[in-house]
Every structure is written in structure tokens, then in C-alpha cells.
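Reading the structure
Next come the chains, spelled out residue by residue.
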Amino acid sequence: MEKREELYAGKAKSVYTTDDPDLLVMHFRNDTSAFDGKKREQLDRKGAVNNQFNAFIMSKLREAGIPTHMERQLSVDESLVKRLQMIPVECVVRNIAAGSICRRLGIQEGTELSPPTYELFLKDDALGDPMINESHALSFAWATEAQLERMKELTFMANDVLRKLFLDGGMLLVDFKLEFGVFHGEVLLADEFSPDGCRLWDKETREKLDKDRFRQDLGNVVESYEQVGRRLGMTFSYQ
Ligand code: ADP
Ligand code: TMP
Ligand code: ASP
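The rules behind each value
- Residues numbered from 1 in each chain as written.
- Chains lettered and ligands numbered in written order.
- Predicted model: local features only at pLDDT ≥ 70, side-chain atom pairs only at ≥ 80, totals over all residues.
- Heavy atoms only, no water.
- Near = heavy atom within 4 Å.
- Polar contact = N/O pair within 3.5 Å; in protein donor to acceptor, adjacent residues only side chain to side chain.
- Helix = DSSP H or I, 4+ residues; strand = E, 2+ residues; numbered from the N terminus.
- Nonpolar A, V, L, I, M, F, W, Y, C, P; charged D, E, K, R; others polar.
- Pairing = 2+ DSSP bridges.
- Axes fitted to C-alpha atoms, helices over the stretch in contact; angles between N-to-C directions.
- Salt bridge = Lys/Arg side-chain N within 4 Å of Asp/Glu carboxyl O.
- Buried < 20%, exposed > 50% of the residue type's maximum accessible area, 1.4 Å probe, protein only.
- Parallel < 35°, antiparallel > 145°, perpendicular 65-115°, else oblique.
- Left-handed = near helix turned anticlockwise from the far one by under 90°.
- Contact = heavy atoms within 4.5 Å.
- Areas by Shrake-Rupley, 256 points an atom, 1.4 Å probe, with all protein chains shown as cover.

A look at the site of ligand 2
- The local shell around ligand 2 holds 15 residues, among which Glu90, Arg94, Ser100, Asp129 and Asp175 are the closest.
- One of the side-chain N or O atoms of Asp129 is found 2.7 Å from an oxygen atom in ligand 2.
- Contact distances for ligand 2 include 2.5 Å between an oxygen atom and a side-chain N or O atom of Asp175.
- At three residues, the largest contribution of residues to the shell around ligand 2 is made by strand β8 (residues 85-96).
- Of the residues that constitute the shell around ligand 2, the class distribution is four nonpolar, three polar and eight charged.

A word on the sheet that holds strand β1 (residues 3-9)
- Pairing in this open sheet of five strands is antiparallel, and the strands run β1-β2-β3-β7-β6 from one edge to the other. The open sheet has two free edges, formed respectively by β1 and β6 (70-75), since each of these has just one partner strand. Ignoring strand direction, the axes of neighbouring strands in this sheet form an average angle of 30°.
- The pairing of strand β3 (residues 23-28) with strand β7 (residues 78-82) spans five bridges and is antiparallel. Bridge pairing in β7 places Leu24 opposite Val81.

So, unusual backbone geometry
- The omega torsion of the bond from Ser114 to Pro115 falls at 0°, within 30 degrees of zero and hence cis.
- Along the chain, Pro115 turns up in strand β9 (residues 112-122).
- We note that Ala141 has phi near 60°; this positive angle belongs to a residue other than glycine.
- Despite not being glycine, Asp191 has its phi angle at roughly 55°, a positive value.
- Looking at the secondary structure, you find Asp191 in the loop between β12 (186-190) and β13 (198-202).

Focus: the pattern of salt bridges
- The tally for this structure, following the rule as stated, stands at 26 salt bridges.
- Residues Glu119 and Arg104 are paired through a salt bridge, measuring 3.1 Å at the closest nitrogen-oxygen approach. Here the residue Glu119 occupies a position in strand β9, and Arg104 occupies one in helix α2 (residues 100-105), the gap between them amounting to 15 residues.
- Residue classification places Arg104 among the partly exposed positions, given a relative accessible area of 36%.
- In this structure, Lys123 and Glu179 form a salt bridge, with 3.4 Å as the shortest nitrogen-oxygen distance. Placement of the pair is Lys123 in the loop between β9 and β10 (131-132) and Glu179 in strand β11 (residues 171-183), with a sequence separation of 56 residues.
- Overall, the relative accessible area of 39% leaves Lys123 in the partly exposed class.
- Here the residues in one salt-bridge network are Arg94, Arg104, Glu119, Asp175, Arg199, Asp212 and Arg215, joined through shared partners.

Examining the packing of helix α1 (residues 46-63) against helix α4 (residues 145-168)
- For the pair α1 and α4, interaxial distance at closest approach is 10 Å and the crossing angle is 120°. Judged on the interaxial angle alone, α4 and α1 are oblique. Handedness of the α1/α4 crossing: right-handed. When α1 is examined against α4, the residues Phe53, Phe56, Ile57, Lys60 and Leu61 are found in contact with a partner set consisting of Ala158, Val161, Leu162, Leu165 and Phe166.
- Of the residues in the contact of α1 with α4, the class split is nine nonpolar, no polar and one charged.

With respect to the packing of α1 against helix α6 (residues 221-231)
- Viewed as axis vectors pointing N to C, α1 and α6 meet at an angle of 25°, and their least axial separation amounts to 10 Å. As the angle between them shows, α1 and α6 are arranged roughly parallel. In the crossing of α1 with α6, the sense of the turn from one axis to the other is left-handed. Residue-level inspection shows Lys46, Val49, Asn50 and Phe53 of α1 in contact with α6, the latter providing Val222, Tyr225, Glu226, Val228 and Gly229.

Side note on the site of ligand 1
- Among the 17 residues in the neighbourhood of ligand 1, the closest are listed as Lys11, Ala12, Lys13, His69 and Lys123.
- Lys82 places a polar main-chain atom, nitrogen or oxygen, 2.8 Å from a nitrogen atom of ligand 1.
- A distance of 3.1 Å separates a nitrogen atom of ligand 1 from a polar backbone atom of Leu84.
- Relative to its unbound accessible surface of 550 Å², ligand 1 loses 89% to contact with the protein.
- Sorting the residues of the shell around ligand 1 by element identifies β2 (13-18) and β7 as the ones contributing at least two each.
- In the shell around ligand 1, the residues fall into eight nonpolar, two polar and seven charged.

See below:
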């Protein structure tokens with residue numbers, strides 16, 4: 001497999017074409033952003049940590065029957081993935097209220113949500129990733145009814161698997177965001193699952209261990225991501 005030109009540079013990852021039209025190299029950079037790119041910083045080791053964290057979680061999800069874009073980890077900060085037609089809709093499950101739902105609905109942070117809520121957001125930084133519903137996705141042809149149904153099913157499957165995985169490591173999976181794409185007609189889980197796109201709290205102290213440390217200037221951002229990984233039994237390499 002030969003890496004060719006850069007196809008797309010996002011806020012935290014760059015994507016490269018390869019000699020195989022069906023495969024892309026995803027490079028996890030140290031760039032860290034929040035608030036739709038308004039806050040940005042470079043954090044040492046973050047690319048490597050998120051790449052390895054994502055590879056670990058994607059393999060757990062695949063074992064649980066969730067089809068993903070992951071082919072294999074290539075290096076400390078690169079992975080080979082299937083090239084998908086991305087669906088511009090972000091799927092969010094919340095087990096505990098935090099972040100935008102607290103602001104939008106006046107809910108107190110930490111309120112348990114039972115059953116968990118499921119929300120959709122349009123992936124559009126210029127618009128601030130607005131919340132949308134299934135009707136919007138259908139009217140604007142961002143996804144079909146069958147795709148929306150499958151995305152919801154896979155997102156809840158991921159919630160079941162990951163809630164338990166993190167709880168076994170003494171952590172609460174507060175919420176998370178997933179992105180999906182289409183590969184030869186099949187909906188696959190894409191992008192990444194890392195502490196950049198979810199909220200994780202220590203089960204006992206409720207200390208924040210995810211990107212809220214960056215958003216809220218709490219410090220020790222990457223150190224917390226590493227601690228989360230180690231609590232799941234991971235070891236990280238940096239070169
Ligand atoms: P953002 O676009 O939010 O700034 P990133 O910096 O993480 O995000 O960039 C990664 C980009 O690659 C995103 O636009 C994401 O939707 C896209 N992407 C993720 N997985 C795949 C895939 N398997 N095929 C094609 N594009 C993908
Ligand atoms: P929110 O509280 O800001 O709506 O985010 C809910 C969860 O989804 C949180 O873990 C962050 C994640 N998320 C992203 O990573 N990127 C996004 O663009 C959105 C809308 C949410
Ligand atoms: N992932 C988005 C960004 O990088 C939103 C966020 O994390 O606050 O801006």
C-alpha cells in the first residue's frame with residue numbers, strides 16, 4: 001500500500017489517498033480544536049494517543065458486530081481505512097446530561113438520562129453543527145430512511161458495548177458522537193472514537209477525563225486520555 005496525496009485536512013486529522021482507490025490513510029495530528037474550530041492548540045502526543053485509542057475501540061466495536069471502516073493501524077499516528085461516502089450527520093447518544101443539552105434545555109449537568117437520548121447534528125462548522133432531525137436529513141437528502149435507521153441501531157449498539165467497557169475501567173460514558181459513511185452500499189462506522197468525541201467521567205469522583213479538559217482549560221488533557229486508555233488495559237507507543 002502506497003500513500004499518495006492529501007485528500008482532506010480536517011481540524012484534527014488529515015486523510016490521504018493510496019494506490020488502492022478503496023483505501024485511505026488517516027493521520028491523527030496533534031492539533032486539537034473545540035467550539036467548531038474557534039479554540040485551537042497543538043498538544044504533544046495527542047495524535048498518537050488518539051490513533052491507538054481509536055484502533056482499540058474500533059476493534060472492540062467490530063467484535064461486537066458493528067461494521068467499521070478500519071482496516072489496520074499503520075504506525076503510532078496513522079491508520080488505514082476504507083474510503084467512504086461520508087454521511088454529513090453526527091449521531092449523539094447521551095447517558096448523562098452535559099454540554100449542549102444543558103444549555104438548550106436547562107438541564108442540570110450530571111442528570112441521568114433514562115432511556116438515553118439520541119440526537120442528530122449536521123456536520124457543518126460554518127453553521128456551528130446545528131441540531132437537526134430525521135425529517136431534515138430526508139428532505140435535504142443527507143441520508144435515506146434506511147441509512148438513518150441503521151445509524152441509530154449501530155449507535156445504540158455502540159453505547160451498550162462502550163458503557164460496559166468504560167464502567168469496567170471505573171468510568172462513566174456520559175455521551176459520544178459517531179459518524180457514518182457508505183461503502184459499496186453498506187453503512188459503516190467511520191471517523192474515530194476517542195476522548196475527543198465523547199465525555200468520560202471517573203465513576204467515583206466524576207472528574208472529567210475527556211476533551212472538556214481542553215474546552216474548559218482544566219489542564220492535563222493528553223495525560224487524561226492516556227489514563228483512560230491505561231484503565232482499559234492499553235499501552236501507548238510514541239515512535
Ligand atoms: P473535521 O472534518 O471535523 O475537522 P477531522 O479533522 O477529524 O474532522 O478530519 C477527518 C475527516 O475525514 C472528517 O471530515 C471525516 O468526516 C472524514 N472521514 C472520516 N472517516 C472517513 C472515511 N472512512 N472515508 C472518508 N472520509 C472520512
Ligand atoms: P455537545 O454536548 O456539544 O452537543 O456534544 C455531545 C457529545 O458529542 C460530546 O461528547 C462531544 C461530541 N461531539 C463532537 O465530538 N463533535 C461535534 O461536532 C458534536 C456536535 C458533538
Ligand atoms: N469537535 C468540534 C471542534 O473541534 C466540536 C468540539 O469538540 O467542541 O470544534
